[in-house]
Each structure stands twice: as structure tokens, then as C-alpha cells.
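# Geometric and topological summary
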Amino acid sequence: MPDFLIKFFPAVYRRTNDPGINGNYCKYDNQGLQLFTSSLYLAGLTATFFASYTTRRLGRRLTMLIAGFFFILGVVFNAAAQDLAMLIIGRILLGCGVGFANQAVPLFLSEIAPTRIRGGLNILFQLNVTIGILFANLVNYGTAKIEGGWGWRLSLGLAGIPALLLTVGALLVLDSSNSLIERGHLEEGKAVLRKIRGTDNIEPEFQELVEASRVAKQVKHPFRNLLQRRNRPQLVIAIALQIFQQCTGINAIMFYAPVLFDTLGFGNDAALYSAVITGAVNVLSTIVSIYSVDKVGRRVLLLEAGVQMFFSQVVIAIILGIKVKDHSDDLHKGFAILVVVMVCTFVSAFAWSWGPLGWLIPSETFPLETRSAGQSVTVCVNLLFTFVIAQAFLSMLCHFKFGIFLFFSVWVLIMSIFTLFLIPETKHIPIEEMTERVWKQHWFWKRFMDDDYEGAAVTNGDIVKKNGQANGFDPTSQL
């Protein structure tokens, strides 16, 4: 919004309106603007360590309530901002809300969900994120049309609606039975388990949770315990997933989309069409993930998406490299349509794979004794690399130009190879049985488990349990 830039970032506004430096790739290359954007992620990174404590000691529900209060305070500061300092304070408060919410919500959803639909229910979190992105883009487009210079305040203030929904929702829901049992409320935990399962036949699951809680209470230092050898597989995969999620290139695709729509001839409506089309693809593809993740599994979605994202980014890079220069808009409409199709292809692949699964897999693989600490590390690494990408992206775009898509395509190739060999399948496996049925059966990660590896067979390069669960491609079987 021009009014927003004039008030808080006048140097950026002058740059975007200077025909001498207003290149296709460099017009937003400003460290101050990048720091404002990425300050949220630094705040979230710090907050997640406090959120780990509240999640473990006070429960998932109260942690979500704290997140809601942070969001509300951040919205108030941003909507009423009179200077850049006040704007950044609001941004930091929003970052704290992100840290607490990302810590508690995925854990809460994974713990209350029945095993057979755990993946789909957890991805509802990501679905609401994508719906929020779509509505935020539409709100930004609508409020940018408001004259008088106050449209940006309305845009920032409307973020209070989802903040209030989260706060009210946290007041209405019950805490997860895992959290209640972990904190010693056995009878209350049993009642909640009976309620969410809809049956009185919950004794076996309840006893499993009690035993897991007993083991968890023996761990006095969960972060130190997280570094032990037997927890290394979950930790490595959780960290790798967060790094890879930010290195898919989704930021490059979403940032450059309005430029492509402008080239197609949409003019001032380019941002609207970009928001509607990419946002709708994002939402619909996340719905696809909800219905498919517990049927085809996590690995299939990640591997298929890797091929799709790699192909689309290479095609985009080739077309932009040949047809679009720094101060030109001579992309033929036919090529522009192809690039837009490739953008949608990439967004759909990300939305049904690395977007939601980057949060789902860590939340369901850590054992109870390190679950809060593990989720804290997951959120921390995610926000750290989101900060790095947000801080460096505009400068990278200015210097790499179309090559930024090739840069991210190499990362997509690396993460697909990592998935093929090292990420096991976790669909239909109860969280409390992950160690026995997943990690001790994996061709590589089994060596980090304390007990001896047993009970697995190798078939066509996949280690397969007796129940047919694939646990990763085993290269040694092909030698």
C-alpha cells in the first residue's frame, strides 16, 4: 500500500516510483523493509522456548490461550501505530503469538485425533492458514482502494478477527488427554479420552498414555534428553523438514506472481488476480492433502511434490531467463500463461506436501517425554530459517534474478533425495508405538535405537514390516 510505505518506509516508496532504478527484480531490495518483515520470526523463535515450558507444565489449551492474547495485543499496536517503533512492537507481539500457537496447535491436534485420521485432522491447521492467507490478500487489495490514508490501519486491524476466534476457541475446548495425564490429572484425562473417542472402551489406550506419562516424568531435562542417541532420528528429521520447507522457493513464487499477472495485462488488478488464483489453488490443494495423507501416506505426497516443484521451477527459470530482463516487460502472453500455470503447479504441490507435512510429521513422531521440547525445536528452526529467507530473499532476487528459481530447484532435488532414503512412513501408526513400529524398523535409523533391530524384511528396496508399512528406501538392498 503506498500510504503505508510513505508513512513507514519512504525510501522504499521513492525507489518503487523511480524509473531509473525500478527494475523487475530490485525495486523492493531494502534491508529495513526486510528486517520489519522478519522481526516477527525472530520474536516467534524466542517465544517458542517459553511456549515449550507452558505446553508441558500448563497444558496445550492454556498455551493456545496465551497465543491468542499475544495476537490481540499485536493487532492493537499495529492498527494504532504512529511510528515505526510502535509498528515493530506490534510485529514482535504477533511473532510471540506465532511461537506459542505453532508450539501448541499441531501437538493438540495430533494428540486428540484418532490414529486413522490423524494426518488429515492435523492438516486442518494448515488449511486454516491457507484460508487466512487468501482472505488477507483479498483484504489488502480491498483496503488499498480506500482513500484518505487509513486503509492500511483497517487491514492490520481486521487481523483481530482470527485472533479473537483463537482466543475464544481456546476457552471452549478441552485440553488433550495426553497433556492432562502428563500433568497428573488421570481421571480428567480419562474422561476427556472417553469423550473424544465417543466410546467407553478406551482402557488399552488410556493405559498406554499412563505408561508413556510415567516414562516422560522420569525425564527431568527434556531438551538434554532430546540430544540422546535414541532421539536423534526424530530430531534430525524435524530439523531437516523445517529447513527444507523454507528452501522450497515458495516465497519466490508467491512474491513474483503479481508481476506475472501484470505482464498478462491485468494492470492494477494484477495483485487481486494473483491473490485469488494462487490463494484458491493453495486452499484447494491443502484440502486434497487432508483427504489423501491418511490414504496414500506422507512419503508419496512428499516425493510426488518434489518432482512437480522441481519441474515447475526449472520451466519458470528458463522462460524468465530468456524473455524477461531487468527493465523489460516483453513476456509474450503465451509464455506468461505458461508461467502462471507453472506457478499454480508449484503452489499446489507445496500445499499438499511440504506445507502441511512439515508440521505434521514432527508433531506425531516425538515420544511424549520429549514431545514439547521437540516441537519447540521444530518451531524454532522453522522460524529461524523463515527469518533467514525473509531477510535475504529480496536481495537474492535482485542479484540472482531468474536464477533464484534454479537455486531453489536444487534444494527441491536435495530434499526429495532425503525423503526417499531417510523419511519413514507414519500413517496409521499410533504415536505411542512410533519407536517400535517405525524407528526400529527403518533401514538406517534402527542403528540409533537402544534395542536390537528385529522383525523386518526387505522387499523391492523397501524395508517393510509385517503389516506392510514402508519405512524408507534401503540402498544396501540394491548392492
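Refer to the structure presented above.
Notes on the structure in this doc start here. Along each chain, the written sequence defines residue order, and numbers are assigned to residues from 1. At least 70 in pLDDT is required for a residue's local features to be given in this predicted model, at least 80 for side-chain atom pairs to be given and counted, and no such filter applies to totals for whole chains, interfaces and linings, which use all residues. Side-chain numbers here rest on the full set of heavy atoms in the structure, without hydrogens or water.

## Focus: the layout of surface pockets
Think of a ball as big as a water molecule: rolled over the atoms, this probe shows where empty space is left. What counts here: Both site types are read off a 1 Å grid over the protein atoms alone. A 1.4 Å probe that fits but cannot get out defines a cavity, while an open set with protein on both sides within 12 Å along at least five of seven lines defines a pocket; lining residues have an atom within 4 Å of a point. Grid points are joined across faces, edges and corners, and a volume is the space filled by probe spheres set on the points. Helical segments are the DSSP runs of H or I of at least four residues, strand segments are the runs of E of at least two, and each set is numbered from the N terminus. Throughout, the ten residues Ala, Val, Leu, Ile, Met, Phe, Trp, Tyr, Cys and Pro are labelled nonpolar, Asp, Glu, Lys and Arg are labelled charged, and all others, Gly among them, are labelled polar.
Space inside the second largest pocket adds up to approximately 550 Å³. In this structure, the second largest pocket is lined by 24 residues; those nearest its centre are Val215, Pro367, Glu369, Glu432 and Thr435. When contributions to the lining of the second largest pocket are tallied by element, the ones reaching two or more residues are α11 (203-217), α19 (368-400) and α21 (434-437). Counting residues per element, the lining of the second largest pocket draws most heavily on α11, which supplies four residues. Here the lining of the second largest pocket is built from residues that sort into nine nonpolar, five polar and 10 charged.

## Comments concerning the side chain of Arg371
Going by this rule: In protein, a polar contact means a hydrogen-donor-capable atom and an acceptor-capable atom, both N or O and within 3.5 Å, with residues adjacent in sequence counting only if both atoms are side-chain atoms; elsewhere, any N or O pair within 3.5 Å suffices.
Looking at the secondary structure, you find Arg371 in helix α19. Among the polar contacts listed, one links the side chain of Arg371 to the side chain of Glu111, at a separation of 3.1 Å.

## Concerning the pattern of salt bridges
Pairs can form between side chains of opposite charge once their charged atoms are near each other. We count it as follows: Just to be clear on terms, a salt bridge is a Lys or Arg side-chain nitrogen sitting within 4 Å of an Asp or Glu carboxyl oxygen. For each residue, the accessible area found with a 1.4 Å probe, counting protein chains only, is set against the maximum for its type, and the residue is called buried under 20%, exposed over 50%, and partly exposed in between.
In this structure the tally under the stated criterion is 14 salt bridges. For Glu111, the salt bridge identified is with Arg60, shortest N-O distance 2.6 Å. In this pair, Glu111 is assigned in helix α5 (residues 84-112) and Arg60 in helix α4 (residues 60-79), connecting sequence segments 51 residues apart. Like Arg60, Glu111 is buried. For Glu111, the salt bridge is made with Arg371, and the minimal N-O distance between the two is 3.1 Å. Of the two residues, Glu111 sits in helix α5 while Arg371 sits in helix α19, which places them 260 residues apart along the sequence.

## With respect to the environment of Val98
Note the following rule: We call two residues contacting when some pair of their heavy atoms lies within 4.5 Å.
Inspection of the secondary structure assignment puts Val98 in helix α5. Looking at Val98, the relative accessible area reads 17%, which means it is buried. Non-local contacts of Val98, meaning those with residues more than four positions away in its chain, are made with Leu40, Phe71 and Leu383.

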